[in-house]
Amino acid sequence: MSTRTVALVSAALLLTACGGGGQIGDTGGTGDAKKMVLIPGVAAEPFYISMECGFREAASAAGYAVDVQAPAKFDATQQTPIVTGVLADKPGAVLIAPTDDKAMAGPMRQLKDAGIKVVEVDTKLEDTSIASSTISSDNEQGGRLAARTLAELVGGKAGSVLVLDTKAGTSTTDARAAGFEEEIGKHPNLRYVGRQYTDNEPDQAASKVTATLSANPDLIGVFATNLNTGEGAATGLRNAGRTGAVNLVGFDASPKQVEDLRGGAVQALIAQDPATIGRTGVEQAIAALEGEPVRRDVETDLVALTKADMEANSKYFYKQRC
């Protein structure tokens, strides 16, 4: 997602092991209203590292102490103990990317009930009564953009198209897949063969691409809904000797994905603006803390990158360290 990355993972594992020592709802201590905590979806991922950079810059500039604690995997059972520990410290605000749109509702409500301002960044809960604000890309529109980009890459050729998704119940990738499915239906030359889940593991994405190629030799396009599925899909196509013959459109712009785009292993990337998500999350958290008007939903930019225009849009490339 670097000495910095290892520190994030170690902190997440320590919190998971210790669990803060109490039950969710035990606020402990006196709290610190001038502290903000970011709880990303997973440690060591360039998207969330880029978000962290924007978060640290904006919060520090506003005079807030900052902390970042991330689970080692994108998993509610690992994120919940981190929320427990943060709750005990009672910071003024928590920015969080919930790893499950239902399972994280209880822990996040405990934050709100303790008087902590909660801002969702990237992902969100089904329950809209908990967070003060949600900052995210327009993910459904991103999926539609991916479908249009793939159709342009394919031209008039006919063939099958696969969606590789991460985990069911992840609000962002569910929306991307839904937008893609809606838009791809407008292109009769492209036969949609469905969505497959990868548990956010690149090796699963690689193996599912290989299996789909065996079942559908006319496969002409793959849409991978996030960074890990995109990197895994590129590996699967490379192993099968189909790089370039199957057009791969990924979501996100990690250093590895950018390298794959430049080298031809990926034909397009739908890049988000995670640093702006982090900065905007801080702005909305401060507004909530100071009793100022808060924007309930904020959507940030998306852009389609191809090899031809990627360098002109390099500001959208994700970082591995701040």
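From a predicted model like this one, the values you see are computed outputs, not experimental measurements.

Visitor: What's the story with the confidence of the model for the protein chain in this structure? I'm lost.
Guide: Residues shown with low pLDDT carry predicted positions that ought not to be read at fine detail. Taken residue by residue, the protein chain gives an average pLDDT of 90. The fraction at 70 or more is 91%. Here residues 1-29 is modelled with pLDDT under 50, and outside its nearest four sequence neighbours on either side it reaches 55 contacts, counting other chains as well.

Visitor: Is there a simple way to think about the state of the cysteines in this case?
Guide: Disulfide: a covalent bond connecting the sulfur atoms of a pair of cysteines. In this structure the tally under the stated criterion is 1 disulfide. At a sulfur-sulfur separation of 2.0 Å, the disulfide partner of Cys 53 is Cys 322. For the disulfide bridge between Cys 53 and Cys 322, the dihedral angle about the S-S bond is near -105 degrees, and by the sign convention the bridge is left-handed. In this pair, Cys 53 sits in helix H2 (residues 46-61) while Cys 322 sits in the segment after strand E12 (303-305), placing the two residues 269 residues apart along the sequence. By relative accessible area, which is 10% here, Cys 53 ends up buried. By relative accessible area, which is 57% here, Cys 322 ends up exposed.

Visitor: How should the pattern of salt bridges be read in this particular structure?
Guide: Here the idea is simple: oppositely charged side chains can pair when their charged atoms come close. Tallying each qualifying case throughout the model produces 20 salt bridges. Across the pair Glu 201 and Lys 73 runs a salt bridge, and its minimum N-O distance is 3.6 Å. Linking Glu 201 in the loop between strand E7 (190-197) and helix H7 (202-215) with Lys 73 in the loop between strand E2 (65-68) and helix H3 (76-89), this pair joins segments that are 128 residues apart in sequence.

Visitor: Looking at this model, I keep getting lost on the environment of Arg 109. Mind explaining?
Guide: Examined against the element boundaries, Arg 109 turns out to sit in helix H4 (residues 105-113). With 18 residues separating them along the chain, Arg 109 and Asp 127 place their C-alpha atoms 9.7 Å apart. Dropping the residues within four chain positions of it, Arg 109 is found in contact with Asp 127, Ser 129 and Ile 130. At 2.7 Å, the side chain of Arg 109 and the side chain of Ser 129 are in polar contact.

Visitor: Please explain the pairing of E2 as it appears in this structure.
Guide: It is a general feature of regular strands that their side chains alternate between the two faces of the sheet. Here 4 bridges tie strand E1 (residues 32-39) to E2, and the two strands are oriented parallel to one another. In the sheet register, Leu 38 faces E2, and the bridge partner there is Val 68.

Visitor: In this structure, what is going on with the sheet that holds E1? I would like to understand it.
Guide: Two modes of strand pairing occur in sheets, parallel and antiparallel, and in both the strands are linked by backbone hydrogen bonds. Here we have 6 strands laid out as an open sheet, ordered E2-E1-E3-E4-E5-E11, and parallel in their pairing. Edge strands, defined here as strands with exactly one partner in the open sheet, are E2 and strand E11 (297-300). Between one strand and the next, the sheet's axes are offset by a mean angle of 20 degrees, whatever the strand orientation. Relative to the sheet, H4 contacts strand E3 (91-96) and strand E4 (117-121), its axis offset from that of E4 by approximately 140 degrees.

Cut-off values and rules
Residues numbered from 1 in each chain as written. Predicted model: local features only at pLDDT ≥ 70, side-chain atom pairs only at ≥ 80, totals over all residues. Heavy atoms only, no water. pLDDT = per-residue confidence, 0-100. Contact = heavy atoms within 4.5 Å. Disulfide = S-S within 2.5 Å. Helix = DSSP H or I, 4+ residues; strand = E, 2+ residues; numbered from the N terminus. Buried < 20%, exposed > 50% of the residue type's maximum accessible area, 1.4 Å probe, protein only. Salt bridge = Lys/Arg side-chain N within 4 Å of Asp/Glu carboxyl O. Polar contact = N/O pair within 3.5 Å; in protein donor to acceptor, adjacent residues only side chain to side chain. Pairing = 2+ DSSP bridges. Axes fitted to C-alpha atoms, helices over the stretch in contact; angles between N-to-C directions.

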